[in-house]
Amino acid sequence: MMKPPVRVAITGGAGQIAYSLIFRVASGEMLGQDQPIILNLLEVPQALTTLKGVMMELQDCAYPLLQDVAITDDPNVAFAEIDYALLVGAAPRGPGMERADLLKINSEVFKIHGKALNEQANRKVKVLVVGNPANTNAFIAMKCAPKLDPKQFSAMMRLDHARAVNLLAAKVGVNVSAVENIVVWGNHSANQYPSIAHALVNGKAASSLVEQNWVENEFIPAVQQRGATIIKARGKSSAASAASAVVAHMRDWAMGTEKLVSVAIASDGSYDIPPGLVYSFPVTIKNGEFSIVQGLDIDKFSRSRMLVSQKELEQERDIILDLLG
Ligand code: NAD
Ligand code: LMR
């Protein structure tokens, strides 16, 4: 039997990621084939004409699950009564930029969107921030939405997680499905810490299958730099893979997973990460709630890498606390 429809807002609807994401969401890939959807697409006024074209294409797909689609440049309209917010809309970085360079440009966007979510969204809305710098933008939106529970906010690390899984699988010569328990800790930045310390390949410790030298000098830098490498190759930032990661992140959040996945959420103090910082942890998901996997051993090497990411996030937080006033 069909469920009642849910409302999903996607910001940056005329952008690259959205051009892949919108169609996957509307086809039922994210929330299931029994879940009708009403889509609200948000853009800046200058991009509304392009967005109208995207909407026409969406209509031409004749997706049975898509009950309605609306386009707007007003966040208060886009976020009215929504159950899911996919906050993609933001400036992307270009060649030579670090994600932190986007902080000032994009912080204003997430301040406005946080406030609109606070007033307009369903009280149980689930919010995923994709626009960079994703962790700190999620922190901003969360702070600007005091009527919502901080647990309703997350930032996307699923693309980093998938990159790490793929690289390890390729190195060991197995299918990606053989890899479990990869963790990407920290910030979605060049200081993230993709860790194989607890990873298993076909049930065997990954650390027994690869050299530590490869982990430190090839694997970690490759995952950290993958976004920049794609920008260099494509001249634009990753889009289809980012959309795929959004679908996986939200599907698991809505439907649950016992598998360990990497998600950036407000720290509860686990692993000595300062409470409130939006930091990526290993999580499992049940009944729509993230649980940080407890009790993983953190060796000296891992702790030093985790700390670098923590410090970077603390710096970003301090910059925006000034901006937030
Ligand atoms: P894009 O430039 O193609 O699209 C972004 C769209 O957002 C544009 O159409 C723009 O008009 C719109 N936009 C800007 N401000 C807006 C606002 N206030 N309200 C609504 N829409 C607004 O960029 P993209 O390639 O789709 O990337 C979007 C963001 O996602 C970038 O910040 C990028 O760096 C980030 N990203 C994150 C990840 C991740 O893993 N977290 C991965 C890839 C890209
Ligand atoms: C990515 O990781 O591909 C995105 O965050 C885009 C970027 O700026 O690297």
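## Observations concerning the overall build of the protein chain
Piece 1. Along the protein chain, the regular secondary structure elements total nine helices and 14 strands.
Piece 2. For 325 residues, the compact-globule estimate of 2.2 N^0.38 gives 20 Å, and the protein chain sits close to it at 19 Å.
Piece 3. For the protein chain, the spread of C-alpha atoms along the principal axes amounts to about 50 × 45 × 40 Å.
Piece 4. The proportion of buried residues among the 325 residues of the protein chain is 54%.

## As for the site of ligand 1
Piece 1. By nearness alone, 24 residues border ligand 1, and Gln16, Glu43, Ala91, Val130 and Asn132 come closest of all.
Piece 2. Contacts to ligand 1 include Asn132, whose side-chain N or O atom sits 2.8 Å from an oxygen atom.
Piece 3. Taking 860 Å² as the accessible area of ligand 1 by itself, protein coverage stands at 86%.
Piece 4. Looking at the shell around ligand 1 residue by residue, the classes come out as 13 nonpolar, ten polar and one charged.

## Notes on the sheet that holds strand S11 (residues 204-205)
Piece 1. Read from one edge to the other, the open sheet built from three strands follows the order S7-S10-S11, with strand pairing classed as antiparallel. Looking at which strands have only one partner, the edges of the open sheet turn out to be strand S7 (179-180) and S11.

## Remarks on the pattern of salt bridges
Piece 1. Throughout the structure, instances matching the rule amount to six salt bridges.
Piece 2. The partner of Glu119 in a salt bridge is Lys147, and the shortest N-O contact between them spans 3.0 Å. Taken together, the residues span a long stretch of sequence, with Glu119 in helix H4 (residues 103-120) and Lys147 in the loop between helix H5 (134-143) and strand S6 (153-155) at a distance of 28 residues.

## Side note on the pairing of strand S12 (residues 257-266)
Piece 1. Burial runs high along S12: seven of the ten residues are buried.
Piece 2. Across seven bridges, S12 lies against strand S13 (residues 278-286) in antiparallel orientation. By the bridge assignment, Val263 is partnered in S13 with Phe281.

## Focus on the site of ligand 2
Piece 1. If you check the shell around ligand 2, you find Arg93, Arg99, Asn132, Arg163, His188, Gly227, Ile231, Ser237 and Ser238 and nothing else.
Piece 2. The fraction of the free accessible surface of ligand 2 (260 Å²) that becomes covered by protein chains is 95%.
Piece 3. Partitioned by chemical class, the residues of the shell around ligand 2 number one nonpolar, five polar and three charged.
Piece 4. If you count residues domain by domain, the shell around ligand 2 takes at least three from each of domain 1 (6-155) and domain 2 (158-315).

## Concerning the packing of helix H1 (residues 16-26) against helix H8 (residues 240-255)
To characterise two packed helices, one gives the angle between the axes of the helices and the distance between these axes.
Piece 1. Contact geometry of H1 with H8 gives a least axis separation of 8 Å together with a crossing angle of 40°. Considering the relative orientation of H1 and H8, their crossing is right-handed. Contacts between H1 and H8 pair Ile17, Ser20, Leu21 and Arg24 from the former with Ala240, Ala242, Ala243, Ser244, Val246 and Val247 from the latter.
Piece 2. Looking at the contact of H1 with H8 residue by residue, the classes come out as seven nonpolar, two polar and one charged.

## Examining H4
Piece 1. Between the first and last C-alpha of H4 there are 25 Å, a value that for 18 residues agrees with the 26 Å anticipated at 1.5 Å per step.
Piece 2. For H4, the complete set of buried residues consists of Leu103, Asn106, Ser107, Phe110, Lys111, His113, Gly114, Ala116, Leu117 and Asn118.

## What about the domain arrangement of the protein chain?
How big an interface is tends to be reported as the loss of accessible area on association of its parts.
Piece 1. If you check the domain split of the protein chain, you get domain 1 (6-155) and domain 2 (158-315).
Piece 2. The C-alpha centroid of domain 2 is placed 23 Å from the C-alpha centroid of domain 1.
Piece 3. Buried surface at the junction of domain 1 and domain 2, both sides included, amounts to about 2,700 Å², of which 64% is carbon and sulfur.
Piece 4. Contact with domain 2 buries area across many residues of domain 1, yet Gln16, Arg99 and Asn135 alone supply 23% of it, more than any other trio.
Piece 5. Linking domain 1 to domain 2 there are zero salt bridges.
Piece 6. Put simply, the parts of the chain that give the side of domain 1 that touches domain 2 at least two residues each are H1, strand S4 (84-87), strand S5 (126-129), H5 and S6.
Piece 7. In terms of residue class, the side of domain 1 that touches domain 2 is built from 16 nonpolar, nine polar and seven charged.

## So, the side chain of Asn135
Piece 1. Looking at the element boundaries, Asn135 is found in helix H5.
Piece 2. Among the polar contacts listed, one links the side chain of Asn135 to the backbone oxygen of Gly186, at a separation of 3.0 Å.
Piece 3. With sequence-adjacent residues up to four places away left out, Asn135 is seen in contact with Ala155, Met157, Gly186, Asn187, His188, Ala264, Val278, Tyr279, Ser280 and Leu313.

## Observations concerning the environment of Gln152
Piece 1. On the secondary structure map, Gln152 appears in the loop between H5 and S6.
Piece 2. For Gln152, a relative accessible area of 12% translates into the label buried.
Piece 3. For the pair Gln152 and Tyr84, spaced 68 residues apart in sequence, the C-alpha separation works out to 9.8 Å.
Piece 4. Residue contacts for Gln152: discarding those within four places in its chain leaves Arg123, Lys124, Val125, Lys126, Val127 and Trp253.

Cut-offs used in this document
Residues numbered from 1 in each chain as written. Chains lettered and ligands numbered in written order. Predicted model: local features only at pLDDT ≥ 70, side-chain atom pairs only at ≥ 80, totals over all residues. Heavy atoms only, no water. Helix = DSSP H or I, 4+ residues; strand = E, 2+ residues; numbered from the N terminus. Rg over C-alpha atoms; globule rule 2.2 N^0.38 Å. Buried < 20%, exposed > 50% of the residue type's maximum accessible area, 1.4 Å probe, protein only. Near = heavy atom within 4 Å. Polar contact = N/O pair within 3.5 Å; in protein donor to acceptor, adjacent residues only side chain to side chain. Areas by Shrake-Rupley, 256 points an atom, 1.4 Å probe, with all protein chains shown as cover. Nonpolar A, V, L, I, M, F, W, Y, C, P; charged D, E, K, R; others polar. Pairing = 2+ DSSP bridges. Salt bridge = Lys/Arg side-chain N within 4 Å of Asp/Glu carboxyl O. Domains from an automatic or database assignment. Axes fitted to C-alpha atoms, helices over the stretch in contact; angles between N-to-C directions. Left-handed = near helix turned anticlockwise from the far one by under 90°. Contact = heavy atoms within 4.5 Å. Expected span 1.5 Å × (residues − 1). Buried area = accessible area lost by both parts, 1.4 Å probe.

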